[in-house]
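So the chains spell out like this:
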Amino acid sequence: MSTSPLTIGTFGHGCVGQGFLELLNANGGTAAQVKHVCVKDRQRTRDVGTARLTYEALDILTDEQVSTIVELTNDADLALDVIRKALLTGRNAITASKKVVAENLAELIALQRSTGRSLLYEASCAASIPVLHALETHFSGERVERIEGILNGTTNYILTRMEEGASPEDALRQAQEQGFAETDPTADLRGDDARYKLTILMAHAFGTVVEPKRIFRCGIRQLHQQDMDHAASIGCVVRVVASAQLVNGKVTARVLPTFVPRNNAFAQVRHEYNAVRITGRHSGEHLLQGKGAGRLPTGLAVLSDVQRLVRGGGYAYAKVSKDAPVLSDSQERLSIYLRLPETHQEAIQHFDQLHSIEAGDGHIRITGTIALAELAELLGQGRDGFQVIALPHL
Ligand SMILES: NC(=O)c1ccc[n+]([C@@H]2O[C@H](COP(=O)([O-])OP(=O)(O)OC[C@H]3O[C@@H](n4cnc5c(N)ncnc54)[C@H](OP(=O)(O)O)[C@@H]3O)[C@@H](O)[C@H]2O)c1
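Residues numbered from 1 in each chain as written. Predicted model: local features only at pLDDT ≥ 70, side-chain atom pairs only at ≥ 80, totals over all residues.

1. A word on the overall build of the chain
Part 1 of the argument: Scanning the chain for helices and strands turns up 13 helices and 16 strands.
Part 2 of the argument: Taken against the 2.2 N^0.38 rule, which gives 21 Å for 394 residues, the C-alpha radius of gyration of the chain at 22 Å falls within 12% of a compact globule.
Part 3 of the argument: Across the chain, every contact between residues at least 6 apart in sequence was considered, and the portion connecting residues at least 24 apart equals 73%. (Helix = DSSP H or I, 4+ residues; strand = E, 2+ residues; numbered from the N terminus. Rg over C-alpha atoms; globule rule 2.2 N^0.38 Å. Contact = placed C-beta atoms within 7 Å.)

Following this line, the structure appears as structure tokens:
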């Protein structure tokens, strides 16, 4: 086991970058030091301690002493570029970017295998919950049958603040003020962020590597107080649940707002907290819970990756092989609630079974079963005012 000190070059000194540096400096036992911090804005003054501030990526990528780059920017193009260059020049890399990892996972795994270097990204999935570590170690010899989670801190914060009486707009503003919602929250609200994380989890849980866009996702952009009232009337709360499971040797996966019964553990996951439930064939259910966003919780996940590299570790991707289960393209059927403007009654025809229809306040609320492909078509037509919520299954 290697114990040589790591010399690190960091990209980004925002929310996560500052949290990481603060924890590294406070943690005298970590055999690692940050030599450079690369940022973009030359006007801003900042405290990077003993590290050198730079605005040039090449200052890090050409420094022979730097053995590890830590990528914590919000610039996906820069992130992918510096990760590739780091691996190709014999360095290890750490990133917090789920978008970059999820959208380029096949390439990044191949690059690690061909260069013998490691890319770690614990912070990218549910921040402070060590779920990738758990999948790579404890569950590497287990057949994971199902993984599901509340993976987006912003939407969970909005949903739970709405339960407490806040408007969606106020809840989003508070999440942004506290540093766990991006300035542009579109990826959170559309379900893209949770889909990136699910894509990454699927690779480590099942060995299944897919493009994120192949996974069906729906967010809470159109969520209305009426939907929350409906949830309360059936003894539920709403949570955005990302789930993937093995069915007949293939993986089904989706991200959907879901009615969760109040007595289910996911209903107790509030604010910026995330949770992941892993079901193994031999070991049954496990529930991991922790903060899914924020400066120090996310900084801690980055520090834990640094410590892993100090010990000489990387991901084994033991389940990623040509025999790994593929994503199912079967005609899955979902039980859902759909609220839509009454001007779009034709949507009813897309259901194959109707359980209830209610109208009022200019909206129709339908419950019934629908084929996933029909639902995707219905939502893919750019219509406003459609909110889907999966009926309880948890
Ligand atoms: N915030 C969270 O709770 C959280 C949780 C999990 C994962 N993440 C992920 O962590 C990453 C960082 O998020 P954050 O919230 O820390 O973002 P942030 O607060 O907006 O900070 C972004 C940092 O990136 C720097 N940057 C942007 N473009 C750059 C460029 N071209 N060259 C050098 N530096 C550049 C910025 O520099 P300036 O300071 O000069 O503007 C800033 O320091 C993202 O991938 C995010 O998805 C965040």
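2. Some words on the environment of R239
Part 1 of the argument: Take R239: it is sitting in strand β9 (residues 236-247).
Part 2 of the argument: Between the C-alpha atom of R239 and that of Q387, which follows or precedes it by 148 residues, the distance is 13 Å.
Part 3 of the argument: In contact with R239, other than residues within four places in its own chain, are I150, N156, L159, T258, V260, F266 and V269.

3. Things to note about the site of the ligand
Part 1 of the argument: Around the ligand, the surrounding shell holds 27 residues, and the nearest of these are G12, G14, D41, T73 and A96.
Part 2 of the argument: Of the residues in the shell around the ligand, the class split is 12 nonpolar, 11 polar and four charged.
Part 3 of the argument: Each of domain 1 (6-121) and domain 2 (135-294 + 325-390) accounts for three or more of the residues forming the shell around the ligand. (Near = placed C-beta within 6 Å. Nonpolar A, V, L, I, M, F, W, Y, C, P; charged D, E, K, R; others polar. Domains from an automatic or database assignment.)

4. A look at the pairing of strand β10 (residues 250-261)
If a strand is regular, its side chains alternate between the two faces of the sheet.
Part 1 of the argument: Taking burial as the measure, the 12 residues of β10 include nine buried ones, the bulk of the element.
Part 2 of the argument: Sheet topology note: the strand β8 (residues 216-217)/β10 ladder contains two bridges and is parallel. Note that in β10 the partner of R217 across the bridge is V255.
Part 3 of the argument: When β9 meets β10, the two strands line up antiparallel, connected through 12 bridges. Considered in β10, the bridge of V240 is made with P257. (Buried ≥ 20, exposed ≤ 12 C-beta atoms within 10 Å, placed from the backbone. Pairing = 2+ DSSP bridges.)

5. Re the nonpolar core
Part 1 of the argument: Ranked by internal contacts, the top residues of the largest apolar core, which has 115 residues, are I83, L198, M202 and V302.
Part 2 of the argument: Looking at this core element by element, the count peaks at nine residues for helix α10 (residues 192-206).
Part 3 of the argument: In terms of domain composition, this core takes at least three residues from each of domain 1 (6-121) and domain 2 (135-294 + 325-390).
Part 4 of the argument: Aside from chain neighbours lying at most four places away, what touches L198 is L151, I215, A242, A244, A253 and V255. (Core = buried A, V, L, I, M, F, W, Y, C linked by C-beta atoms within 7 Å.)

6. Description of the domain arrangement of the chain
Part 1 of the argument: You can read the domains of the chain as domain 1 (6-121) and domain 2 (135-294 + 325-390).
Part 2 of the argument: One C-alpha centre belongs to domain 1, the other to domain 2, and the line joining them spans 31 Å.
Part 3 of the argument: If you look at the interface, domain 1 gives nine residues, while domain 2 gives nine residues.
Part 4 of the argument: Elements with a contribution of two residues or more to the side of domain 1 that touches domain 2: α4 (98-103) and α5 (105-115).

7. As for the pairing of strand β15 (residues 363-371)
Part 1 of the argument: Here nine bridges tie strand β13 (residues 333-341) to β15, and the two strands are oriented antiparallel to one another. The residue bridging P341 from the neighbouring strand is H363, located in β15.
Part 2 of the argument: As paired strands, strand β14 (residues 353-360) and β15 are joined by seven bridges and run antiparallel to one another. Its bridge partner being in β15, G360 is matched across the sheet by H363.
Part 3 of the argument: The antiparallel hairpin formed by β14 and β15 contains two residues in its connecting segment, where D361 sits at a positive phi of about 55 degrees.

8. Brief notes about the sheet that holds strand β5 (residues 92-95)
Part 1 of the argument: With parallel pairing, the six strands of this open sheet are ordered in space as β3-β2-β1-β4-β5-β6. If you trace the sheet from one side to the other, it starts and ends with β3 (52-54) and β6 (119-120), each paired once.
Part 2 of the argument: One ladder, built from four bridges, connects strand β1 (residues 6-11) with strand β4 (residues 68-71); its direction is parallel. Looking across to β4, one finds that T10 is bridged to V70.
Part 3 of the argument: Helix α12 (residues 295-310) contacts β1, β2 (32-38), β4, β5 and β6 of the sheet and is inclined by roughly 165 degrees relative to β5. (Axes fitted to C-alpha atoms, helices over the stretch in contact; angles between N-to-C directions.)

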